[in-house]
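One letter stands for each residue in the lines below.
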Amino acid sequence: MSASIARQRAAAGRNRPWCDDEALLGRMLLAPAVIYITALVGFPFFLAIFYSLSDATVGSTTLHFVGLRNYEGILQDPTFWRSLQNAIVFTLISQALVVVLGKILAMALYGDFRGKWLVRLLILLPWVAPMSLGSIGWLWIFDPVYSIINWSARALHIFGPEIWPVWLGQPDLAMASVILVDVWRLLPLATVIILAGLSAIPQDIHDAAQVDGAGFWRHLFMINIPLVMPIMLVALLFGIVFTFTDMIVIFVLTRGGPFDTTQVIASYSFFTGVQGGDLAAGAAISLFLFPVLAAVAVVFLTLARRAEVA
Amino acid sequence: MCPLVVREPEVSAPRFGVKHRLARGGHVLILAAFVTFLAFPFYWMGLTTFKQTRDLIDITHNPFVFNLPPTLENLRVLFYDTQFGQWIINTVEVGALVTLITLLLALPAGYALARLSGRWGQRLGIAIFLTYLIPPTILFIPFSRIIGSLGLQDSLWSLVLVYPSFTVPFCSWLLMGFFKSIPRDIEEAAMIDGLSRLGAFVRVVVPISSAGILTVVIFTLTLVMQEFVYGLTFITTSSHYTVSVGVPTFLVRGDVYFWGSLMGACLIVSLPVALLYNIFVERFVAGFTVGAVK
């Protein structure tokens, strides 16, 4: 009762003319973007769900509702389980490395030193280059015959005469290689985000810690890491999304091989849906990306907000 | 001297002890290691671009030096025997149109989310952010049929239509954070001077938002340049490729790789954008984090 009176009084108090249009204007400014996004993200997303319940293929224009048959097939498909497992391993290891290395690199870049602009330019390169082209650069570095890694390691006597790894051709090495390329690609973004978080810490806090006699490690764990935590989580969120849903690195470097040991959900969906022509199964496989992403997003948004409030 | 005056600038001035020198050495070492890891592939691309193929494929040669004289042959192949130039033009055209659409949609949306809506706006903002998490790898299968039924197969317009589906959500979110960081007083002063809310947005807020707009432009162009999956799915004619699709599909034929030309193409595309990024990186970072932490 009293709340509604208060609201009425507040509304009456705001008597400037543009106030009445505020909500309407807000909706009008928002409408084009919302309509576009609904039409080009929401609609295809539901279409993907619909396809996953049908027998759609690349060739035919008609389709029939088949219920959960595609999902039953996928859940019995060992390659799918392998892809799911690979995608999780790929994402977890690469993002753990990206966050730790990104933190170290951001701290090394914090503050001024000579040649900083050049270092920054070189460090940003992997993020700026198109991923398909950067991956091709690595394809050349990992070449089975001309690999520069092998040549250098042999020249430095790290590899004996018998050792000549085929980076993309041996199961464990192939996974390690695609993880390396993914770290290479996402490290610049994480570094830039974490660096911004570091720069946002007020100088007073550093000064106070120094006056109180905090050493490097104490400073790192009591001040640097806790204060940068929310923004590090943001960097991690982006990293997980980009890595878990990516198929370019896998597509260019290994095509999922050898023996599906680097196959992930995104690439398996592409090979099934587009190259295999089974749109329905491809759509069903790709939908397994969504709940994981949604869960990750909710967790991180909650954590980020909590950290902000505290 | 009074013992209470301890916080003079000299306290934090460089110390020339052993510990300090060790720390500096460690700093240089860490940076060198990271730069080597991150930039080496580009150095390697540069070297490969100017090497003769016979030099590249002789395993008795030291790969770090030119064993045969450097050559421009790989670049000649890239520009004269492939449609690389056309691919760059296509990418720039698509990039410009997508940037325009993104700005037209995301600027008002970001402003509305930042200023003109209460609780529901916050929820809608999060909803828009979440749509960004629906990846091309889920959407390209339905899109391949939608594009077909619109008659846009193999047309650059299909990319112009689809690319804003990932640039608009992200840029709206980014600009929302950016507009929130602008003091309300500026618009309120403009409105007291007689401008409407819309007028204040168009004439006052947008002109002082060049940093946010620039962030959006660079981000959009980068995303367009990097996109691979949609381009590969929708475009089938070589002359309609964008750079990121054309180079790996056209220059890679079966098991034959034109390494020199491939590496040259990657380098030529990456370097100008990297320089642009570097000039604006402070603004980019500011725009990014304001957007990210709200």
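### Concerning the overall build of chain A
No. 1: Across its full length, chain A carries 14 helices and zero strands.
No. 2: Written out in order from the N terminus, the α and β elements of chain A read α-α-α-α-α-α-α-α-α-α-α-α-α-α.
No. 3: In chain A, 73% of the contacts between residues at least 6 apart in sequence involve partners at least 24 apart.

### A word on the interface of chain A and chain B
No. 1: Across the boundary between the two partners, chain A contributes 78 residues, which contact 78 residues of chain B.
No. 2: It is helix α2 (residues 22-52) of chain A that contributes the most residues to the side of chain A that touches chain B, 16 residues altogether.
No. 3: Considered class by class, the residues forming the side of chain A that touches chain B number 65 nonpolar, ten polar and three charged.

### Regarding the environment of I250(A)
Residue and element names in this part refer to chain A.
No. 1: Assignment of secondary structure puts I250 in helix α11 (residues 248-253).
No. 2: Looking at I250, the number of C-beta atoms within 10 Å reads 28, which means it is buried.
No. 3: When the C-alpha atoms of I250 and V181 are compared, they prove to be 9.7 Å apart, with 69 residues separating the residues in sequence.
No. 4: Residue contacts for I250: discarding those within four places in its chain leaves V178, G256, T262, V264 and S267.

### Things to note about the packing of helix α3 (residues 73-81) of chain B against helix α14 (residues 259-279) of chain B
Residues and elements named next belong to chain B.
No. 1: Two elements in contact, α3 and α14, have axes whose closest approach is 8 Å; the angle formed by their N-to-C orientations is 70°. Regarding the angle of α3 to α14, the classification is roughly perpendicular. In contact with N74, L75, V77 and L78 of α3, α14 contributes G260, S261, G264 and A265.

### Focus on the packing of helix α13 (residues 279-286) of chain A against helix α6 (residues 136-149) of chain B
No. 1: At their nearest, the axes of α13(A) and α6(B) sit 9 Å apart, and the two run at 155° to each other. Classified by the interaxial angle, the pair formed by α13(A) and α6(B) is roughly antiparallel. Between α13(A) and α6(B) lies a crossing of left-handed hand. Counted together, L279(A), G282(A), A283(A) and S286(A) of α13(A) and T137(B), I138(B) and I141(B) of α6(B) form the full contact between these two elements.
No. 2: Class assignment of the residues belonging to the contact of α13(A) with α6(B) gives a composition of four nonpolar, three polar and no charged.

### Observations regarding the environment of L75(A)
All names here are of chain A.
No. 1: Summarising the element assignment, L75 is placed in helix α3 (residues 69-75).
No. 2: Overall, L75 belongs to the exposed group, with 12 C-beta atoms counted inside 10 Å.
No. 3: As for L75 and I285, which are separated by 210 residues in sequence, their C-alpha atoms are 9.6 Å apart.

### A short note on unusual backbone geometry
Residues and elements named next belong to chain A.
No. 1: Even without glycine at this site, R255 takes up a positive phi of about 50°.
No. 2: Assignment of secondary structure puts R255 in the loop between α11 and α12 (265-275).
No. 3: The backbone of D260 shows a phi angle near 60°, a positive value even though the residue is not glycine.
No. 4: Among the structural elements, D260 can be located in the loop between α11 and α12.
No. 5: A count of 20 C-beta atoms within 10 Å places D260 in the buried class.

### A short note on helix α10 (residues 197-205) of chain B
No. 1: Buried within α10(B) are the following residues: R197(B), A200(B) and F201(B). What you see down the axis of α10(B) is that its buried residues fit within an arc of 100°, all on one side.
No. 2: Packing partners of the buried residues in α10(B) comprise α2 of chain A together with α4 (84-116) and α9 (184-192) of chain B.

### As for the confidence of the model for chain A
Residues and elements named next belong to chain A.
No. 1: Averaged over every residue, the pLDDT of chain A is 82; the share at 70 or more is 89%.
No. 2: Across chain A, helix α4 (residues 78-109) holds the top mean pLDDT of 92, while helix α1 (residues 2-13) sits lowest at 45.
No. 3: Counting contacts from residues 1-19, a segment whose pLDDT is below 50, to residues more than four positions away or on other chains yields four contacts.

### Considerations on helix α8 (residues 164-180) of chain B
No. 1: With 17 residues, α8(B) should reach 24 Å at 1.5 Å per residue; the first-to-last C-alpha distance of 23 Å fits that figure.
No. 2: For α8(B), the buried fraction is high: 16 of the 17 residues fall into the buried class.

Rules used throughout
- Residues numbered from 1 in each chain as written.
- Chains lettered and ligands numbered in written order.
- Predicted model: local features only at pLDDT ≥ 70, side-chain atom pairs only at ≥ 80, totals over all residues.
- Helix = DSSP H or I, 4+ residues; strand = E, 2+ residues; numbered from the N terminus.
- Contact = placed C-beta atoms within 7 Å.
- Nonpolar A, V, L, I, M, F, W, Y, C, P; charged D, E, K, R; others polar.
- Buried ≥ 20, exposed ≤ 12 C-beta atoms within 10 Å, placed from the backbone.
- Axes fitted to C-alpha atoms, helices over the stretch in contact; angles between N-to-C directions.
- Parallel < 35°, antiparallel > 145°, perpendicular 65-115°, else oblique.
- Left-handed = near helix turned anticlockwise from the far one by under 90°.
- Arc of directions from axis to C-beta.
- pLDDT = per-residue confidence, 0-100.
- Expected span 1.5 Å × (residues − 1).

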